[in-house]
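The residues making up each chain are set out below.
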Amino acid sequence: QVQLVESGGGLVQPGGSLRLSCAASASIFGIRVMGWYRQAPGKQRELVATITSAGTTNYADSVKGRFTISRDNAKDTVYMQMNILKPEDTAVYYCNIAAISGLGQWYNYWGQGTQVTVSS
């Protein structure tokens with residue numbers, strides 16, 4: 001069973017930066033999209049950023065210009081550099097990998113979540 005292991009969360013002051021990483025415990029065949037989602041207390045999980053196997057990126061409007069998603073295809077790893085952090089960025093961040101098998105079946109993998117807290 002492949003697991004996604006996240007790291008890089010923590011407590012940071014407003015205006016600060018953090019870099020999240022998410023690595024698969026084993027090679028995943030057919031990765032198409034890697035991404036980050038977040039869930040704040042009392043709110044639904046929301047998409048933060050995604051990156052396709054071709055390198056096309058997509059960002060939530062609330063993080064455009066501040067967050068940058070990237071990936072290392074050789075390592076099945078996805079990163080997210082978060083700059084100019086705001087208190088409203090406080091949430092549990094989850095990484096996601098969507099892959100398609102040779103038989104055309106889609107699989108979704110989720111990390112366990114890493115807490116990001118932005119506070120002075």
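Scroll up for the structure.
This is a predicted model, so every value here is computed, not measured. (Residues numbered from 1 in each chain as written. Predicted model: local features only at pLDDT ≥ 70, side-chain atom pairs only at ≥ 80, totals over all residues. Heavy atoms only, no water.)

Enquirer: So what exactly am I meant to see when it comes to the state of the cysteines here?
Expert: Should the sulfur atoms of two cysteines be covalently bonded, the bond is a disulfide. Following the criterion strictly, the structure yields one disulfide and no others. In this model Cys22 forms its disulfide with Cys95; the gap between the sulfur atoms is 2.0 Å. With the S-S dihedral at roughly 40°, the linkage between Cys22 and Cys95 falls on the right-handed side. Within this pair, whereas Cys22 is found in strand S3 (residues 18-24), its partner Cys95 is found in strand S9 (residues 91-100), the two being separated by 73 residues in sequence. (Disulfide = S-S within 2.5 Å. Helix = DSSP H or I, 4+ residues; strand = E, 2+ residues; numbered from the N terminus.)

Enquirer: Hey, could you run me through the layout of surface pockets in this one?
Expert: Empty pockets left among the atoms are what a rolling probe the size of a water molecule brings to light. Its boundaries defined by the atoms lining it, the largest pocket holds a volume of some 150 Å³. Residue lining of the largest pocket: 13 residues in total, with Arg38, Ala40, Lys43, Glu46 and Glu88 positioned closest to the centre. Broken down by class, the residue content of the lining of the largest pocket amounts to two nonpolar, four polar and seven charged. (1 Å grid on protein atoms, 1.4 Å probe; cavity = no way out; pocket = protein on both sides within 12 Å on 5 of 7 lines; lining within 4 Å. Points joined across faces, edges and corners; volume = space filled by probe spheres on them. Nonpolar A, V, L, I, M, F, W, Y, C, P; charged D, E, K, R; others polar.)

Enquirer: I would appreciate a short explanation of the pairing of strand S10 (residues 106-110) in the present structure.
Expert: A regular strand carries its side chains on alternate faces of the sheet. Pairing analysis gives five bridges linking S9 to S10, with the strands arranged antiparallel. Paired with Ile100 across the two strands is Trp106, which belongs to S10. Hairpin remark: S9 followed by S10, antiparallel, with five residues in the connecting loop; positive phi at Gly104, about 85°. (Pairing = 2+ DSSP bridges.)

Enquirer: Honestly, the sheet that holds strand S1 (residues 4-7) in this entry has me stumped. Any pointers?
Expert: Two pairing modes exist for strands in a sheet, parallel and antiparallel, and in both the strands are linked by backbone hydrogen bonds. Sheet architecture is open: four strands sit in the order S1-S3-S8-S7, paired in antiparallel fashion. Either end of the sheet is taken by a strand with one partner, and the two such strands are S1 and strand S7 (67-72). Strand-to-strand, the axes of this sheet are offset by a mean angle of 15°, without reference to chain direction. Pairing between S7 and strand S8 (residues 77-82): six bridges, direction antiparallel. Bridged to Arg71 within S8 is Val78. (Axes fitted to C-alpha atoms, helices over the stretch in contact; angles between N-to-C directions.)

Such coordinate-based values are descriptive only and should not be taken to indicate function.
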